[in-house]
Amino acid sequence: MTEKTILVVGGAGYIGSHTCLALANKGYLPLVYDNFSGGHEEFVKWGPAEQGDIRDRVRLREVLAKHKPVAALHFAGLIEVGQSFQEPEAFYDVNVVGSLTLLQALMEADIRSFVFSSTCATYGRPERLPLDETHPQNPINPYGRTKHIVEQALRDFDLCNRMRSVMLRYFNAAGADFEGRIGEWHTPETHAIPLAIEVALGRRPHFSIFGEDYDTRDGSCIRDYIHVNDLADAHVRAVEYLLNGGETVDINLGTGTGTTVKELISAIETVSGRPMPVVKTERRAGDPPTLVAGNGKAENVLGWKPKHDINDIIRSAWNWHSRFNG
Ligand code: NAD
């Protein structure tokens, strides 16, 4: 039997490449479609790659006709919240226009199962915790709003029987493949764990703690870090759910338990055996004290539960960053 081809748009990036590995482990053929603006050719190891932009409908048509995938996962996009305030038009172009162009090409090719990388940033300021899927969505930055707009389009495409989708709202993706073949590699890097590890490795002078006077157990912010392999596993389940006829659904992906910035630092110090130079600064505007996922729906709908804790995350990330000289 020939293996089923799954289109992985943005599959040369961090979460997309780990999902390609998970798909290949389950007997699927991951076909990467990526413009390599933020991804890496060396991350494409488990199937073919086609270079192209999600805004290029002609190229998309060509690739879909050639490979005939049965479903699509869409990771491609601009991801950095700070940059979304500097260049909102680029975020609308890539994240909204690009996603709609991709969706049109898929529907035209009669591919009607779609998994979308959304984000907890679509919720905005938490009104209650944990943040479950019934929480109102009021994004407070252009990045979150572009993702929310695509979610709304997906609802309409579902309403008109054009496309069924799983909208996965990730919390903080972290960690790396345990064998160190792929890992987190963003330029510029803005995520806390790789930044802190680079400090521990002596590649950056210090790690900044933004605010120590929050109403949390040690005064520093709490975030929900989810291992990238757990995310990848959820994507495989989401594709299979759709291929088995599942309905359009929104699902949070987080552990449901948070880690403070200070706990993160101490975990990295333990794994690395090195003290971490820190600089304590003022709170950053717009940073909520706590962001933690309600993740019961993921278990109910996909039978998914995270397997890895913060120690697995730090160990695998440390392993990846210490062997990587990029
Ligand atoms: P990444 O930058 O590593 O991967 C994105 C990939 O998309 C890259 O390979 C890049 O080359 C490709 N891409 C970008 N623009 C493209 C375009 N116009 N055409 C074709 N390909 C294009 O990012 P990531 O951390 O793997 O995130 C993947 C997705 O998950 C993103 O959509 C992001 O918004 C979402 N997300 C990530 C996190 C996180 O913690 N990393 C959290 C929530 C949501």
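Residues numbered from 1 in each chain as written. Predicted model: local features only at pLDDT ≥ 70, side-chain atom pairs only at ≥ 80, totals over all residues. Heavy atoms only, no water.

This part is about the site of the ligand. In the neighbourhood of the ligand, 30 residues make up the surrounding shell, with Ile15, Asp34, Tyr143, Lys147 and His186 lying closest. A distance of 2.7 Å separates an oxygen atom of the ligand from a polar side-chain atom of lysine 147. Relative to its unbound accessible area of 830 Å², the ligand is 96% covered by the protein chains. The set of elements that each furnish at least two residues to the shell around the ligand consists of helix H1 (14-25), strand S5 (113-119) and helix H5 (142-159). It is S5 that contributes the most residues to the shell around the ligand, 3 residues altogether. Broken down by class, the residue content of the shell around the ligand amounts to 13 nonpolar, 13 polar and 4 charged. (Near = heavy atom within 4 Å. Polar contact = N/O pair within 3.5 Å; in protein donor to acceptor, adjacent residues only side chain to side chain. Areas by Shrake-Rupley, 256 points an atom, 1.4 Å probe, with all protein chains shown as cover. Helix = DSSP H or I, 4+ residues; strand = E, 2+ residues; numbered from the N terminus. Nonpolar A, V, L, I, M, F, W, Y, C, P; charged D, E, K, R; others polar.)

Moving on: the sheet that holds strand S11 (residues 249-253). Here we have 7 strands laid out as an open sheet, ordered S3-S2-S1-S4-S5-S6-S11, and parallel in their pairing. In the strand order of this sheet, the two ends are held by strand S3 (49-51) and S11, each with one partner. Along the sheet, successive strands turn relative to each other by an average axial angle of 20 degrees, direction set aside. The pairing of strand S4 (residues 71-74) with S5 spans 3 bridges and is parallel. From the neighbouring strand, histidine 74 faces S5, where its bridge partner is phenylalanine 116. Contacts from H5 reach S5, strand S6 (164-170) and S11 within the one sheet, and its direction differs from that of S5 by about 155 degrees. Seen against the sheet, helix H7 (residues 228-243) touches strand S1 (5-9), S4, S5, S6 and S11 and runs at an angle of roughly 165 degrees to S6. (Pairing = 2+ DSSP bridges. Axes fitted to C-alpha atoms, helices over the stretch in contact; angles between N-to-C directions. Contact = heavy atoms within 4.5 Å.)

Another aspect to go through is H7. Look at H7: 23 Å from first C-alpha to last across 16 residues, which is about the 22 Å you get at 1.5 Å a residue. Of all 16 residues that make up H7, 12 are buried, and the element is covered over most of its length. Listing the buried residues of H7 in full gives Val228, Asp230, Leu231, Ala232, Asp233, Ala234, His235, Val236, Ala238, Val239, Tyr241 and Leu242. (Expected span 1.5 Å × (residues − 1). Buried < 20%, exposed > 50% of the residue type's maximum accessible area, 1.4 Å probe, protein only.)

For the rest of this paragraph, the subject is helix H2 (residues 57-67). Looking at H2, one finds that the buried residues are Arg59, Leu60, Val63, Leu64 and His67. All buried residues of H2 project into a common sector of 130 degrees when viewed along the axis, lining one side. Residues of H2 that are exposed and point over 90 degrees away from its buried face: Val58 and Lys66. Close packing links the buried residues of H2 with S1, strand S2 (29-34), S3 and helix H4 (88-108). Lysine 68 occupies a position one or two residues after H2 and carries a positive phi of about 50 degrees. (Arc of directions from axis to C-beta.)

Examined against the element boundaries, histidine 321 turns out to sit in helix H10 (residues 310-323). Excluding residues that lie within four positions of it along the chain, histidine 321 makes contacts with Glu184, Pro194, Ile197, Leu201 and Arg203.

Taking every second residue as pointing to the same face, both faces of S4 are buried, with Ala71 and Leu73 on one and Ala72 and His74 on the other. Taken together, the 4 bridges between S1 and S4 define a ladder with parallel strand orientation. Paired with isoleucine 6 across the bridge in S4 is alanine 71.

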